[in-house]
Amino acid sequence: MELENIVANTVLLKAREGGGGKRKGRSKKWKEILRFPHISQCAELGKTIERDYASICDKQPIGRLLFRLYCETKSSLQQCIQLLDATPRRSGV
């Protein structure tokens, strides 16, 4: 899963770089690479994605950040952030 994130981020960065000039980041090649597949191709994938805390908030950096931002908006959840900060993160999870 981490390798897929690295590949996706690399493709995104390359697409943003583009070829320079006015069309920087707008080449047809990169638009094709970044195009999302049709929803019918993703339906099966939706059934196999893990939707638990460890998968979303521990393994995914964006999920971890979104969880933290959400907890910051609710005063009753401030303790969750304090607990996360006090608990050492497990590597390789």
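Residues numbered from 1 in each chain as written. Predicted model: local features only at pLDDT ≥ 70, side-chain atom pairs only at ≥ 80, totals over all residues. Heavy atoms only, no water.

In the nomenclature of an unreviewed UniProt entry, the chain corresponds to G protein-coupled receptor kinase 5 from the organism Ilyodon furcidens.

When its secondary structure is counted, the chain shows six helices and zero strands. When the helices and strands of the chain are listed from N to C terminus, the series reads α-α-α-α-α-α. Counting only residues that meet the buried cut, the chain has 8% of its 93 residues in that class. Sequence separation of 24 or more characterises 17% of the internal contacts of the chain that already satisfy a separation of 6 or more. (Helix = DSSP H or I, 4+ residues; strand = E, 2+ residues; numbered from the N terminus. Buried < 20%, exposed > 50% of the residue type's maximum accessible area, 1.4 Å probe, protein only. Contact = heavy atoms within 4.5 Å.)

Attention now goes to the pattern of salt bridges. Taken as a whole and judged by the stated rule, the model has three salt bridges. In this structure, glutamate 32 engages arginine 35 in a salt bridge whose closest nitrogen and oxygen atoms are separated by 3.1 Å. On the basis of relative accessible area, arginine 35 is assigned to the exposed category, the value being 55%. (Salt bridge = Lys/Arg side-chain N within 4 Å of Asp/Glu carboxyl O.)

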